Amino acid sequence: MIRKRLSPRRGTLPYLLLLPALVLELLIHLVPMVVGIVMSFKQLTQFFLRDWTAAPWAGLANYRMAVDFHAPVGRALLHSFWVTCAFTVLAVGLSWLLGTVAAVMMQDTFRGRGLLRALFLLPYALPVYAAVITWSFMFQRDTGLINHLLHDQLHLVDEKPFWLLGDNSFTALVTVSVWRSWPFAFLTLTAGLQNIPRELYEASALDGAGVWQQIRRITLPSLRPVNLVLVLVLFLWTFNDFNTPYILFGRSAPEAADLISVHIYQSSFVTWNFGAGSAMSVLLLLFLLLVTSGYLLLTSRRRDAQ
């Protein structure tokens, strides 16, 4: 009788423990998401900030304006989208490459390896605001460390370039993003390398395989499951990155570095058109869901085929 009375309580205990987390997830993510979707169907401007529910219904007008690439709003959004795609490809690719090279180099035991690993993880451990503000000072034209090194010390450029204005702003943005992201790739790949048996490398060395052959035939294939998750996480983080461009350039990013996250912020909080900004956010969400679903479907099919 005692067991029968206690078993229902034991069965519901895990759900009761998960309930606070589910409630917080509902309040922090799901409720704002639903509110944002509703706002995208309204003509919500600064005149309805006190009571956004009183804003007139706009239907699909905000979405039509966002995807009308012949109009100024649509052209600007499309330009921001392509800039974000180029930025994501470069930042994710370079972060993965640097993380892979560093993880492979740190695989063997040598004196000072622990110190180097700690230094490699330093950019990932620093607060984002402190790190990006430091980079913004370094990119200053007249007093920044970058121009002092390139122009005054190495004499690689004739004139000091503007890194936070014009086309160079894209290079500065990619540099800061890679500097912040590659330690995460390094940390993830280092953990993945620990699962590769050392006997595989020893056996391949006896068969005459060189370092590059070992990396190509053993390391990269063994890291494929880790890379599948790592690339997806880096893609989502980089494509949605708002802190880096906002801290680096302020509320108005240059055209060459106009990422879609900052563009949506400007459309919402600078022009006070929250309905259009919400519609752009929903379109961004749908795009990310589509890419993520396609990526997971493609990788699962390749895994099943193997």
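Draft legend 1. Fine view of the overall build of the chain. Helix and strand counts for the chain come out as 14 helices and zero strands. Overall, the chain shows an N-to-C arrangement of helices and strands of α-α-α-α-α-α-α-α-α-α-α-α-α-α. Its C-alpha radius of gyration of 25 Å places the chain more than 25% over the 19 Å reference for a compact globule of 306 residues. Along the first, second and third principal axes, the C-alpha set of the chain runs to 85 × 75 × 35 Å. Looking at the chain as a whole, 37% of its 306 residues qualify as buried. Taking the contacts inside the chain whose residues are at least 6 apart along the sequence as the reference set, 64% of them involve residues at least 24 apart. If you sum the accessible surface of the chain, you get close to 19100 Å²; carbon and sulfur atoms cover 68% of it. Mean positive and mean negative side-chain charge positions of the chain (23 and 16 charges, respectively) differ by 17 Å.

Draft legend 2. Broad picture of the environment of F269. Examined against the element boundaries, F269 turns out to sit in helix α13 (residues 260-270). Between the C-alpha atoms of F269 and R251, which are 18 residues apart in sequence, the distance is 9.5 Å. If sequence neighbours within four positions are ignored, F269 has contacts with R251 and F274.

Draft legend 3. Region of the structure containing helix α11 (residues 224-239). Relative to the 22 Å expected for 16 residues at 1.5 Å per residue, α11 spans 22 Å between its end C-alpha atoms, a close match to the ideal helical length. Along α11, the residues that are buried comprise N227, L230, L232, L234, F235, T238 and F239.

Draft legend 4. Looking closely at the nonpolar core. With 24 residues, the main nonpolar core has F87, F139, L173, L248 and F249 as its most contacted residues. Residue assignment for this core shows that the elements contributing at least two residues are α3 (72-105), α6 (128-138), α8 (168-193) and α12 (243-249). The element contributing the most residues to this core is α8, with six residues. The contacts of F139, once residues within four sequence positions are left out, are I146, W163, L164, A172, T175 and V176. With 16 residues, the next largest nonpolar core counts V92, L189, L193 and Y201 among its residues.

Draft legend 5. Up close: the packing of aromatic side chains. Scanning the model with the defined rule gives 21 aromatic pairs in all. Ring geometry for W135 against W179: centres 5.7 Å apart, planes inclined by 70 degrees, an arrangement best described as edge-to-face. Taken together, the residues span a long stretch of sequence, with W135 in helix α6 and W179 in helix α8 at a distance of 44 residues. Using a relative accessible area of 12% as the deciding quantity, one classes W135 as buried.

Draft legend 6. Main features of the confidence of the model for the chain. Residue-level pLDDT values for the chain average 89, and 96% of them are 70 or greater. Within the chain, helix α1 (residues 2-39) has the poorest average pLDDT of any element, 78, and α3 the best, 95.

Draft legend 7. Quick peek at the side chain of S80. As for its placement among the helices and strands, S80 is situated in helix α3. According to the relative accessible area criterion, S80 is buried, its value standing at 0%. There is a polar contact of 2.8 Å between the side chain of S80 and the backbone oxygen of D258. If sequence neighbours within four positions are ignored, S80 has contacts with D258, L259, I260 and H263.

Draft legend 8. Quick peek at the layout of surface pockets. The computed volume of the largest pocket comes to approximately 700 Å³. Forming the boundary of the largest pocket are 21 residues, of which P32, M33, G36, S281 and V282 lie nearest the centre. Every element with two or more residues in the lining of the largest pocket is listed here: α1, α13 and α14 (274-305). When residues in the lining of the largest pocket are grouped by element, the largest group, eight residues, is from α14. The residue makeup of the lining of the largest pocket, split by class, is 13 nonpolar, eight polar and no charged.

Draft legend 9. Inspection of the packing of helix α9 (residues 198-206) against helix α10 (residues 211-222) at higher detail. Orientation of α9 relative to α10, taken along the N-to-C sense of each, is 145 degrees, at an axis distance of 11 Å. Every pair of crossing elements has a handedness; the one defined by α9 and α10 is right-handed. Packed against α9, whose contacting residues are L200, Y201, S204 and A205, the element α10 presents Q214, I218 and T219 at the interface. Counted by class, the contact of α9 with α10 contains four nonpolar, three polar and no charged residues.

Draft legend 10. Spatial organisation of α10. For α10, which comprises twelve residues, the first-to-last C-alpha distance of 15 Å matches the rise-based estimate of 16 Å (1.5 Å per residue) to within 8%. Taken as a whole, α10 has its buried residues at Q214, I215, I218 and T219. Summarising the axial view, the buried residues of α10 lie within an arc of 125 degrees, below the 170-degree limit, and thus occupy one face. Looking at α10, the residues exposed on the side facing more than 90 degrees away from the buried face are W212, R216 and R217.

How each quantity is defined
- Residues numbered from 1 in each chain as written.
- Predicted model: local features only at pLDDT ≥ 70, side-chain atom pairs only at ≥ 80, totals over all residues.
- Heavy atoms only, no water.
- Helix = DSSP H or I, 4+ residues; strand = E, 2+ residues; numbered from the N terminus.
- Rg over C-alpha atoms; globule rule 2.2 N^0.38 Å.
- Buried < 20%, exposed > 50% of the residue type's maximum accessible area, 1.4 Å probe, protein only.
- Contact = heavy atoms within 4.5 Å.
- Areas by Shrake-Rupley, 256 points an atom, 1.4 Å probe, with all protein chains shown as cover.
- Lys, Arg positive; Asp, Glu negative; His and termini not counted.
- Charge placed at Lys NZ, Arg CZ, Asp CG, Glu CD.
- Expected span 1.5 Å × (residues − 1).
- Core = buried A, V, L, I, M, F, W, Y, C linked by side-chain atoms within 4.5 Å.
- Phe/Tyr/Trp six-rings, centres within 6.5 Å; stacked < 30°, edge-to-face > 60°.
- pLDDT = per-residue confidence, 0-100.
- Polar contact = N/O pair within 3.5 Å; in protein donor to acceptor, adjacent residues only side chain to side chain.
- 1 Å grid on protein atoms, 1.4 Å probe; cavity = no way out; pocket = protein on both sides within 12 Å on 5 of 7 lines; lining within 4 Å.
- Points joined across faces, edges and corners; volume = space filled by probe spheres on them.
- Nonpolar A, V, L, I, M, F, W, Y, C, P; charged D, E, K, R; others polar.
- Axes fitted to C-alpha atoms, helices over the stretch in contact; angles between N-to-C directions.
- Left-handed = near helix turned anticlockwise from the far one by under 90°.
- Arc of directions from axis to C-beta.

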